[in-house]
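Structure assessment
Single-letter residue listing:
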Amino acid sequence: MKIATFNANSLRSRLPVILPWLDAHRPDVLCVQETKVQDHEFPLDAIAQTGYTSVFCGEKKYNGVAVLSRHALADVEFGLDDEPNDPARLVCARMGRVWIVNTYIPQGRDRDSDMFAYKIRWFDRLKAFLDRRFTPADPILWMGDFNVARDQRDVYDPKGLWGHVCYCQEVQDALQGVLDWGFVDLFRQFCREPGHYTFWDYRMPYALQRNLGWRLDYIMATQVLAKKATTCHIDIQARAGEKPSDHTFLVAEFDF
DNA sequence: ATGGTCGGCAACCGA
């Protein structure tokens, strides 16, 4: 089994990246965040032509999640189970006996904004969501854009960036609280080195060439699946001169 | 130095 996650920053404008990538790599599942497309405008047919079914929930300009799959998806649910439930930030579905939880976690804006408090709470709400449906013994893949860099290996300037909404003690603790429920960071299971990133701010000149990046996207697996993982790697599709952030896939493969 | 650019989509907002 091969799975992947991708922050699209507009699914429709990224189809020229996504469709060839699906054809070349044929993952069983691709989770997408920031689709930025309403459901009635979702490019269902273009994706179906590559052999993938989709489940999705989007908004006009912001947010939006989708799961693209080569296999049937069952028990599809959108959003958390309290209010506001953010249906365009979470999709949960079952593929065979494996559960997929695809999240686009709030970015948080500023440390002193309501959105930051909302971001912190989101992790506890997600843990409650998981508790109501699963146990840590279930085969679950929690993946997507988490907007958290877990430690100093995950940002290009740990001292200078400390205190950012995506790199501060509060968000690291909040994420760790959900990990402690029973998840393994699959990329870190295979690579302990610093400097491997999934996001480069496109406002920074030559951020990719200078490797001024962040690791904000994750594939978290419960133990039963982590034991079967054979690889987890970052696939940067950007060619010379192109902006990389909207072209970065995080991929994991499993021995089944 | 607290900038920069991109996407949606029609004036800024979110990242």
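Residue indices follow the written sequence of each chain, beginning from 1 at its first position. Lettering of chains starts at A and numbering of ligands starts at 1, both following the order in which they are written. The model is predicted, so local features are restricted to residues of pLDDT at least 70 and side-chain atom pairs to those at 80 or more, both for listing and for counting; the totals for chains, interfaces and linings are taken over all residues. The side-chain figures draw on all heavy atoms in the structure; neither hydrogens nor water molecules are used.

Between any two strands, at least two bridges found by DSSP are needed for them to pair. Labels follow the DSSP assignment, with helices taken as runs of H or I lasting at least four residues and strands as runs of E lasting at least two, numbered in each case from the N terminus. Within the open sheet, the six strands sit side by side as S5-S6-S7-S8-S12-S9. Their pairing is mixed. In this open sheet, the two edge strands, each paired with only one partner strand, are strand S5 (74–78) and strand S9 (183–185). Taking the axes of each pair of neighbouring strands and ignoring which way they run, one obtains an average angle of 20° across the sheet. Taken strand by strand, helix H3 (residues 114–133) contacts S5, strand S6 (90–95), strand S7 (98–104), strand S8 (140–145) and S9, and its axis lies near 30° from that of S6. To get an axis, fit a line to the C-alpha atoms, keeping to the stretch in contact for a helix; angles then go from 0 to 180 degrees between the N-to-C directions. Throughout, a contact is declared for two residues whenever any of their heavy atoms are within 4.5 Å.

With an omega of -10°, the peptide bond between Glu 83 and Pro 84 qualifies as cis. Within the secondary structure, Pro 84 is located in the loop between S5 and S6. A positive phi angle, near 50°, is found at Glu 34, a position not held by glycine. Here Glu 34 is to be found in the loop between strand S2 (29–33) and helix H2 (44–48). The class for Glu 34 is buried, based on a relative accessible area of 15%. Even without glycine at this site, Asn 211 takes up a positive phi of about 50°. Examined against the element boundaries, Asn 211 turns out to sit in the loop between strand S10 (199–200) and strand S11 (213–214). Relative accessibility under 20% of the residue-type maximum defines a buried residue, over 50% an exposed one, and the middle range a partly exposed one, all with a 1.4 Å probe and only protein chains included. Judged by relative accessible area, which is 31%, Asn 211 ranks as partly exposed.

Further remarks concern the pattern of salt bridges. By salt bridge we mean one thing: a side-chain nitrogen of Lys or Arg within 4 Å of a carboxyl oxygen of Asp or Glu. Applying the stated rule across the entire model yields 15 salt bridges. Of the charged contacts, one joins Asp 185 and Arg 150 as a salt bridge, the two residues approaching to 3.0 Å between their closest N and O atoms. With Asp 185 in strand S9 and Arg 150 in the loop between S8 and helix H4 (158–161), the pair connects residues that are 35 residues apart, well separated along the chain. Ionic pairing is found between Asp 154 and Arg 188, a salt bridge with its closest N-O pair at 2.8 Å. Highlighted residues: Asp 154 in the loop between S8 and H4 and Arg 188 in helix H6 (residues 186–190), separated in sequence by 34 residues. The exposure class assigned to Asp 154 is buried, which follows from its relative accessible area of 0%. Residue class for Arg 188 comes out buried when judged on its relative accessible area of 4%. By sharing partners, the salt bridges in this structure join Arg 150, Asp 154, Asp 185, Arg 188 and Arg 215 into a single network.

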